[in-house]
Amino acid sequence: MYSIELMVEEHNDILRFNQVMRKACFKVLHGSEVPVEDFRVMIDFVRTYADKHHHGKEEKILFKEMQDHLGPIGTKLITHGMLVEHDLGRLHMSDLETALDEFEKTKEEELKLDIIASAVGYTKLLKRHIDKENEVVYTYGAKNLSPEILASVDERVKAFEEEAMDHQVQEHYSAILKELEEKYL
C-alpha cells in the first residue's frame, strides 16, 4: 500500500532526525555552547516535516478513515493513543522553543536542562510512537479497512504529496536533514 509505505519511509527520516537532535543535546551536556539557531531549525523540521507534512497525512487521511470505519477499537487507538502522542510531541517542541527563547534572553545555565529535556523527551516519545505506528497501527488499518477505503487513502495521500512537491517540502527538509547529519553525526 503506497500510503503506508511512504509513511514508514518518512518515519525513517524522522528517526534519523532524532539521532541528530540527541547528538546536539549530548554536545550541550558536555559543555558545548547551545546551538540556538540549529535547535530552531530542528523545531522547524519537526513542525513542518514531521508534524504538518507527515502527521498531516495520518491525521487528515489514514487515521480519519480508521476512526470512521473501524469502530470503538479504531477510535480508541487513534484518539486516545496516536493523537495524544502527536499532541505531546507538539508540547515538547513548544517547551523547547520557550526554553531557547529564555536562554537567549538570560543566558541562564540552568535553562540548558529544559532545552535538553524537551529535545530528548521528543526523541524518546517519537521512537516509541513510530514503533507503535509501524508495527500496530498501520498493520491494523491495512488489515481491517476495506480495499476501497485503502485505495481512496492512497489516492488522497498521492495528492497530498504532489501538493507538497509543488512547494518543495520534501526536497527542502531532506536537504536540512543532510546538513544537520553532517554537522552532528
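Remember, predicted model here, so these are calculated numbers, not experimental data.

**Q** Honestly, a positive patch on the surface in this entry has me stumped. Any pointers?
**A** Taken together, the side chains of Arg22, Lys23, Lys27, Lys124 and Arg128 make up a positively charged region of the molecular surface. For the positive patch, the secondary-structure elements that each account for two or more residues are α1 (2–29) and α4 (111–144). No other element matches α1, which puts 3 residues into the positive patch. Assignment of secondary structure puts Lys124 in helix α4.

**Q** Before we go on, may I ask you to explain the packing of aromatic side chains in this structure?
**A** When we look at a pair of aromatic rings, we describe it by the centre distance and by the angle of the planes. Scanning the model with the defined rule gives 4 aromatic pairs in all. Geometrically, the ring pair formed by Phe45 and Tyr49 is tilted, given 5.2 Å between the ring centres and 35 degrees between the ring planes. Of the two residues, Phe45 and Tyr49 both sit in helix α2 (residues 36–69), 4 residues apart, roughly one turn of that helix. The interplanar angle of 70 degrees and the centroid separation of 6.0 Å between the aromatic rings of Phe45 and Tyr173 together place this pair among those described as edge-to-face. With Phe45 in helix α2 and Tyr173 in helix α6 (residues 169–184), this residue pair connects regions lying 128 residues apart in the sequence. Residue Phe45 is classed as buried on the basis of its relative accessible area, which comes to 1%. Sitting over the face of the ring of Tyr2, Lys158 holds its NZ or CZ atom 5.2 Å from the ring centroid.

**Q** Sorry, what's going on with the environment of Met82 here?
**A** Along the chain, Met82 falls in helix α3 (residues 71–106). Note on Met82: relative accessible area 2%, which makes it buried. Taking the C-alpha atoms as reference points, Met82 and Lys132, separated by 50 residues in sequence, lie 8.7 Å from one another. What Met82 contacts, discounting residues up to four positions off in sequence, is Phe63, Leu77, His129, Lys132, Glu133 and Val137.

What counts, and where the lines are drawn
Residues numbered from 1 in each chain as written. Predicted model: local features only at pLDDT ≥ 70, side-chain atom pairs only at ≥ 80, totals over all residues. Heavy atoms only, no water. Patch = residues over 30% accessible without salt bridge, like charges linked within 9 Å, V, L, I, M, F, W, Y side chains within 5 Å. Areas by Shrake-Rupley, 256 points an atom, 1.4 Å probe, with all protein chains shown as cover. Salt bridge = Lys/Arg side-chain N within 4 Å of Asp/Glu carboxyl O. Lys, Arg positive; Asp, Glu negative; His and termini not counted. Charge placed at Lys NZ, Arg CZ, Asp CG, Glu CD. Helix = DSSP H or I, 4+ residues; strand = E, 2+ residues; numbered from the N terminus. Phe/Tyr/Trp six-rings, centres within 6.5 Å; stacked < 30°, edge-to-face > 60°. Buried < 20%, exposed > 50% of the residue type's maximum accessible area, 1.4 Å probe, protein only. Lys NZ or Arg CZ within 6 Å of the ring centre and 35° of its normal. Contact = heavy atoms within 4.5 Å.

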